[in-house]
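One-letter residues, chain by chain:
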Amino acid sequence: SQTIHQWPATLVQPVGSPLSLECTVEGTSNPNLYWYRQAAGRGLQLLFYSVGIGQISSEVPQNLSASRPQDRQFILSSKKLLLSDSGFYLCALGTAGNTIYFGEGSWLTVV
Amino acid sequence: GENVEQHPSTLSVQEGDSAVIKCTYSDSASNYFPWYKQELGKGPQLIIDIRSNVGEKKDQRIAVTLNKTAKHFSLHITETQPEDSAVYFCAASPPGGADGLTFGKGTHLIIQP
(Lines give C-alpha, C1' and ligand atoms only; values in the text may rest on other atoms or scores of the structure.)
Protein backbone atom coordinates (compact mmCIF):
# COMPACT_ATOMS: atom_id res chain seq x y z
CA SER A 1 0.00 0.00 0.00
CA GLN A 2 1.03 3.60 -0.50
CA THR A 3 2.79 5.60 2.19
CA ILE A 4 3.18 9.37 2.28
CA HIS A 5 5.90 11.01 4.33
CA GLN A 6 5.78 14.73 5.02
CA TRP A 7 8.24 16.86 6.94
CA PRO A 8 8.67 18.87 8.96
CA ALA A 9 5.46 18.23 10.87
CA THR A 10 5.48 21.65 12.49
CA LEU A 11 7.44 24.81 11.90
CA VAL A 12 7.39 28.45 12.90
CA GLN A 13 8.99 30.84 10.45
CA PRO A 14 9.41 34.63 10.46
CA VAL A 15 7.90 36.77 7.75
CA GLY A 16 10.25 37.07 4.79
CA SER A 17 12.08 33.82 5.48
CA PRO A 18 12.25 30.94 2.96
CA LEU A 19 10.23 27.75 3.15
CA SER A 20 10.80 24.18 2.09
CA LEU A 21 8.30 21.42 2.80
CA GLU A 22 9.14 17.97 1.55
CA CYS A 23 6.96 15.04 0.65
CA THR A 24 8.01 11.56 -0.42
CA VAL A 25 5.80 8.63 -1.28
CA GLU A 26 6.36 4.89 -1.27
CA GLY A 27 4.55 1.91 -2.70
CA THR A 28 3.63 3.38 -6.04
CA SER A 29 5.22 4.51 -9.30
CA ASN A 30 4.53 7.63 -11.34
CA PRO A 31 1.75 8.88 -9.07
CA ASN A 32 -0.04 12.18 -9.39
CA LEU A 33 1.12 14.33 -6.50
CA TYR A 34 -0.64 17.27 -4.91
CA TRP A 35 -0.10 20.08 -2.44
CA TYR A 36 -3.20 21.34 -0.63
CA ARG A 37 -3.48 24.08 1.96
CA GLN A 38 -6.01 24.17 4.76
CA ALA A 39 -6.38 27.54 6.44
CA ALA A 40 -8.51 28.29 9.48
CA GLY A 41 -12.08 27.42 8.56
CA ARG A 42 -11.08 23.94 7.38
CA GLY A 43 -11.56 24.22 3.59
CA LEU A 44 -9.07 22.37 1.37
CA GLN A 45 -7.44 24.46 -1.33
CA LEU A 46 -5.46 22.85 -4.14
CA LEU A 47 -2.16 24.67 -4.65
CA PHE A 48 -0.17 22.51 -7.08
CA TYR A 49 -0.36 19.17 -8.78
CA SER A 50 2.13 17.13 -10.75
CA VAL A 51 1.61 14.26 -13.16
CA GLY A 52 5.33 13.50 -13.55
CA ILE A 53 8.91 14.58 -12.92
CA GLY A 54 9.39 18.25 -13.65
CA GLN A 55 5.70 18.75 -14.50
CA ILE A 56 3.95 21.22 -12.21
CA SER A 57 0.55 22.84 -12.57
CA SER A 58 -0.46 25.72 -10.36
CA GLU A 59 -4.02 26.28 -9.32
CA VAL A 60 -3.64 29.48 -7.34
CA PRO A 61 -1.23 32.36 -8.05
CA GLN A 62 0.83 33.08 -4.95
CA ASN A 63 4.37 33.37 -3.68
CA LEU A 64 4.68 29.60 -3.35
CA SER A 65 6.25 27.24 -5.84
CA ALA A 66 6.52 23.48 -6.21
CA SER A 67 9.04 21.14 -7.72
CA ARG A 68 9.18 17.44 -8.47
CA PRO A 69 12.83 16.47 -8.85
CA GLN A 70 12.16 12.73 -8.56
CA ASP A 71 9.18 10.50 -9.30
CA ARG A 72 8.27 10.11 -5.63
CA GLN A 73 9.37 13.48 -4.26
CA PHE A 74 7.36 16.67 -4.20
CA ILE A 75 8.63 19.90 -2.64
CA LEU A 76 6.76 23.06 -1.72
CA SER A 77 8.87 26.21 -1.47
CA SER A 78 8.77 29.91 -0.93
CA LYS A 79 11.52 32.51 -1.17
CA LYS A 80 9.81 34.95 1.21
CA LEU A 81 6.94 33.92 3.47
CA LEU A 82 3.94 36.12 4.17
CA LEU A 83 1.73 36.05 7.24
CA SER A 84 -1.08 34.78 5.01
CA ASP A 85 0.97 31.66 4.20
CA SER A 86 0.22 30.26 7.65
CA GLY A 87 -1.81 27.09 7.53
CA PHE A 88 -1.86 23.34 7.38
CA TYR A 89 -0.14 21.99 4.26
CA LEU A 90 -1.06 18.58 2.97
CA CYS A 91 0.74 16.44 0.45
CA ALA A 92 -1.41 13.91 -1.35
CA LEU A 93 -1.01 11.23 -3.97
CA GLY A 94 -3.49 10.16 -6.58
CA THR A 95 -3.92 6.64 -7.86
CA ALA A 96 -5.72 5.25 -10.86
CA GLY A 97 -9.37 6.18 -10.75
CA ASN A 98 -8.67 9.51 -9.03
CA THR A 99 -8.51 8.06 -5.53
CA ILE A 100 -6.46 10.50 -3.45
CA TYR A 101 -4.65 9.79 -0.21
CA PHE A 102 -3.33 12.47 2.13
CA GLY A 103 -0.23 12.67 4.26
CA GLU A 104 -0.32 13.75 7.88
CA GLY A 105 0.33 17.40 7.06
CA SER A 106 2.73 20.16 8.04
CA TRP A 107 1.66 23.00 10.31
CA LEU A 108 3.22 26.30 9.26
CA THR A 109 2.97 29.39 11.42
CA VAL A 110 4.44 32.57 10.00
CA VAL A 111 5.21 35.16 12.67
CA GLY B 1 -15.33 23.95 -13.20
CA GLU B 2 -16.85 21.75 -10.53
CA ASN B 3 -18.51 23.28 -7.46
CA VAL B 4 -19.40 21.20 -4.40
CA GLU B 5 -21.77 22.40 -1.70
CA GLN B 6 -21.87 20.57 1.65
CA HIS B 7 -24.48 20.81 4.44
CA PRO B 8 -24.70 21.21 7.34
CA SER B 9 -21.49 22.91 8.43
CA THR B 10 -21.99 21.61 11.98
CA LEU B 11 -24.02 18.58 13.08
CA SER B 12 -24.57 17.50 16.66
CA VAL B 13 -26.20 14.12 17.35
CA GLN B 14 -26.69 11.93 20.39
CA GLU B 15 -24.48 8.90 20.67
CA GLY B 16 -26.23 5.94 19.07
CA ASP B 17 -28.30 8.08 16.71
CA SER B 18 -27.71 8.38 12.96
CA ALA B 19 -25.98 11.26 11.19
CA VAL B 20 -26.51 12.36 7.59
CA ILE B 21 -24.32 14.79 5.66
CA LYS B 22 -25.37 15.97 2.21
CA CYS B 23 -23.46 17.31 -0.78
CA THR B 24 -24.45 18.63 -4.18
CA TYR B 25 -22.20 19.03 -7.21
CA SER B 26 -22.49 21.04 -10.38
CA ASP B 27 -20.57 19.16 -13.09
CA SER B 28 -22.70 16.35 -14.50
CA ALA B 29 -19.51 14.75 -15.90
CA SER B 30 -18.18 14.05 -12.39
CA ASN B 31 -18.12 10.34 -11.73
CA TYR B 32 -16.19 9.79 -8.52
CA PHE B 33 -17.36 10.89 -5.06
CA PRO B 34 -15.18 10.19 -2.01
CA TRP B 35 -15.72 11.06 1.64
CA TYR B 36 -12.94 11.94 4.05
CA LYS B 37 -12.76 12.07 7.83
CA GLN B 38 -10.33 14.50 9.42
CA GLU B 39 -9.45 14.36 13.08
CA LEU B 40 -7.87 17.34 14.77
CA GLY B 41 -4.29 17.93 13.66
CA LYS B 42 -4.27 15.07 11.16
CA GLY B 43 -4.58 14.68 7.42
CA PRO B 44 -7.96 13.71 5.92
CA GLN B 45 -8.54 9.96 5.77
CA LEU B 46 -10.55 8.36 2.98
CA ILE B 47 -13.44 6.47 4.60
CA ILE B 48 -15.69 5.54 1.69
CA ASP B 49 -16.17 6.40 -1.96
CA ILE B 50 -18.67 5.79 -4.71
CA ARG B 51 -18.55 5.88 -8.47
CA SER B 52 -21.34 6.96 -10.76
CA ASN B 53 -22.24 3.48 -11.89
CA VAL B 54 -23.39 2.66 -8.35
CA GLY B 55 -26.30 4.13 -6.36
CA GLU B 56 -25.31 3.05 -2.87
CA LYS B 57 -22.33 1.61 -1.05
CA LYS B 58 -22.04 0.41 2.54
CA ASP B 59 -19.14 -0.37 4.83
CA GLN B 60 -20.23 -1.44 8.30
CA ARG B 61 -21.81 1.64 9.94
CA ILE B 62 -21.22 4.05 7.09
CA ALA B 63 -22.96 4.26 3.74
CA VAL B 64 -22.97 6.64 0.81
CA THR B 65 -25.83 7.21 -1.61
CA LEU B 66 -25.65 8.90 -4.99
CA ASN B 67 -28.41 10.48 -7.05
CA LYS B 68 -26.89 11.39 -10.41
CA THR B 69 -30.08 12.91 -11.76
CA ALA B 70 -30.29 15.37 -8.88
CA LYS B 71 -26.49 15.65 -8.62
CA HIS B 72 -26.33 14.99 -4.94
CA PHE B 73 -24.75 12.41 -2.67
CA SER B 74 -24.94 11.76 1.05
CA LEU B 75 -22.98 10.14 3.85
CA HIS B 76 -24.92 8.14 6.41
CA ILE B 77 -23.41 7.06 9.73
CA THR B 78 -25.52 4.77 11.90
CA GLU B 79 -25.14 3.95 15.60
CA THR B 80 -22.79 6.89 16.07
CA GLN B 81 -19.96 6.59 18.57
CA PRO B 82 -17.73 9.21 20.24
CA GLU B 83 -14.87 8.34 17.91
CA ASP B 84 -17.02 9.44 14.97
CA SER B 85 -16.56 13.05 16.11
CA ALA B 86 -14.47 14.76 13.40
CA VAL B 87 -14.73 16.98 10.35
CA TYR B 88 -16.08 15.20 7.27
CA PHE B 89 -15.43 16.33 3.70
CA CYS B 90 -17.17 15.30 0.54
CA ALA B 91 -15.53 15.68 -2.85
CA ALA B 92 -16.23 15.20 -6.54
CA SER B 93 -14.00 14.44 -9.49
CA PRO B 94 -14.63 14.47 -13.23
CA PRO B 95 -13.29 11.64 -15.41
CA GLY B 96 -9.54 11.81 -15.97
CA GLY B 97 -9.27 14.59 -13.44
CA ALA B 98 -5.52 14.70 -12.81
CA ASP B 99 -6.04 18.07 -11.18
CA GLY B 100 -7.49 16.40 -8.13
CA LEU B 101 -10.76 16.64 -6.30
CA THR B 102 -13.11 19.52 -5.63
CA PHE B 103 -14.01 19.50 -1.95
CA GLY B 104 -16.97 20.68 0.04
CA LYS B 105 -16.25 22.99 2.95
CA GLY B 106 -16.63 20.30 5.56
CA THR B 107 -19.05 19.28 8.30
CA HIS B 108 -18.04 19.27 11.93
CA LEU B 109 -19.78 16.23 13.41
CA ILE B 110 -20.15 16.26 17.19
CA ILE B 111 -21.32 13.13 18.99
CA GLN B 112 -22.94 13.99 22.30
CA PRO B 113 -22.52 11.32 25.01
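Above this text you will find the structure in question.
The rules behind each value
Residues numbered from 1 in each chain as written. Chains lettered and ligands numbered in written order. Predicted model: local features only at pLDDT ≥ 70, side-chain atom pairs only at ≥ 80, totals over all residues. Heavy atoms only, no water. Helix = DSSP H or I, 4+ residues; strand = E, 2+ residues; numbered from the N terminus. Rg over C-alpha atoms; globule rule 2.2 N^0.38 Å. Buried < 20%, exposed > 50% of the residue type's maximum accessible area, 1.4 Å probe, protein only. Contact = heavy atoms within 4.5 Å. Areas by Shrake-Rupley, 256 points an atom, 1.4 Å probe, with all protein chains shown as cover. Phe/Tyr/Trp six-rings, centres within 6.5 Å; stacked < 30°, edge-to-face > 60°. Pairing = 2+ DSSP bridges. Axes fitted to C-alpha atoms, helices over the stretch in contact; angles between N-to-C directions. 1 Å grid on protein atoms, 1.4 Å probe; cavity = no way out; pocket = protein on both sides within 12 Å on 5 of 7 lines; lining within 4 Å. Points joined across faces, edges and corners; volume = space filled by probe spheres on them. Nonpolar A, V, L, I, M, F, W, Y, C, P; charged D, E, K, R; others polar. Core = buried A, V, L, I, M, F, W, Y, C linked by side-chain atoms within 4.5 Å. Buried area = accessible area lost by both parts, 1.4 Å probe. Salt bridge = Lys/Arg side-chain N within 4 Å of Asp/Glu carboxyl O. Polar contact = N/O pair within 3.5 Å; in protein donor to acceptor, adjacent residues only side chain to side chain.

Before going further, it helps to examine the overall build of chain B. Scanning chain B for helices and strands turns up zero helices and 11 strands. Starting at the N terminus and ending at the C terminus, chain B contains elements arranged as β-β-β-β-β-β-β-β-β-β-β. Relative to its length of 113 residues, chain B is compact, with a C-alpha radius of gyration of 14 Å against a globular reference of 13 Å. On the principal axes, the C-alpha backbone points of chain B span a range of 40 × 30 × 20 Å. Looking at the 113 residues of chain B, the share that counts as buried comes to 43%. Across chain B, the fraction of contacts at a sequence separation of at least 24, relative to all contacts at a separation of at least 6, is 55%. Surface summary for chain B: the accessible area is close to 5,400 Å², and the carbon and sulfur share equals 47%.

Another point: the packing of aromatic side chains. This structure, assessed with the given rule, holds 14 aromatic pairs over all chains. When the ring of Phe-89 of chain B is compared with that of Phe-103 of chain B, the centres are 6.4 Å apart and the planes differ by 90°; the resulting orientation is edge-to-face. Here Phe-89 of chain B is found in strand E9 (residues 86–92), whereas its partner Phe-103 of chain B is found in strand E10 (residues 102–103), with 14 residues between them in sequence. With a relative accessible area of 0%, Phe-89 of chain B lands in the buried category. Taking relative accessible area as the criterion, Phe-103 of chain B reaches 9% and is therefore assigned buried. Counting every residue linked through ring pairs, the aromatic cluster contains Tyr-34, Tyr-36, Tyr-49 and Phe-102 of chain A together with Tyr-36, Phe-89 and Phe-103 of chain B.

All names here are of chain A. Spatial strand order, E1-E3-E8-E7: four strands in an open sheet with antiparallel pairing. The open sheet has two edge strands with one neighbour each: strand E1 (3–7) and strand E7 (64–70). Taken over all neighbouring pairs, the strand axes of this sheet differ in orientation by 20° on average, direction set aside.

What follows deals with the sheet that holds strand E7 (residues 62–67) of chain B. Residue and element names in this part refer to chain B. Overall, antiparallel pairing links the five strands, which are arranged E1-E3-E8-E7-E6 in an open sheet. The sheet is open, and its two borders are formed by strand E1 (4–7) and strand E6 (56–59), each paired with just one other strand. Taking the axes of each pair of neighbouring strands and ignoring which way they run, one obtains an average angle of 15° across the sheet.

As a further point, take the layout of surface pockets. For the largest pocket, the calculated volume is near 450 Å³. In this structure, the largest pocket is lined by 23 residues; those nearest its centre are Leu-44 of chain A together with Glu-2, Leu-101, Thr-102 and Phe-103 of chain B. Broken down by class, the residue content of the lining of the largest pocket amounts to eight nonpolar, 10 polar and five charged.

Now for the nonpolar core. In terms of nonpolar packing, the biggest core is built from 23 residues, with Trp-35, Phe-73 and Leu-109 of chain B touching the most fellow members. Every element with two or more residues in this core is listed here: strand E2 (10–14), strand E3 (19–25), strand E4 (32–38), strand E5 (45–51), E7, strand E8 (72–77), E9 and strand E11 (107–112) of chain B. Among the nonpolar cores identified, the runner-up in size contains 20 residues, and Ile-4, Phe-48, Tyr-89 and Cys-91 of chain A belong to it.

A few words now on the interface of chain B and chain A. With 26 residues of chain B at the interface, the matching set in chain A holds 22 residues. For the pairing of chain B and chain A, the buried interface totals around 1,700 Å² over both sides, and the portion due to carbon and sulfur atoms is 53%. Scanning the region where chain B abuts chain A turns up zero salt bridges. Our count for the chain B to chain A interface comes out at seven residue pairs in polar contact (both at pLDDT 80 or more).

Under the defined criterion, the tally for this structure stands at six salt bridges over all chains. Three or more residues are tied together by salt bridges with common partners; here these are Lys-37, Glu-39 and Lys-42 of chain B.

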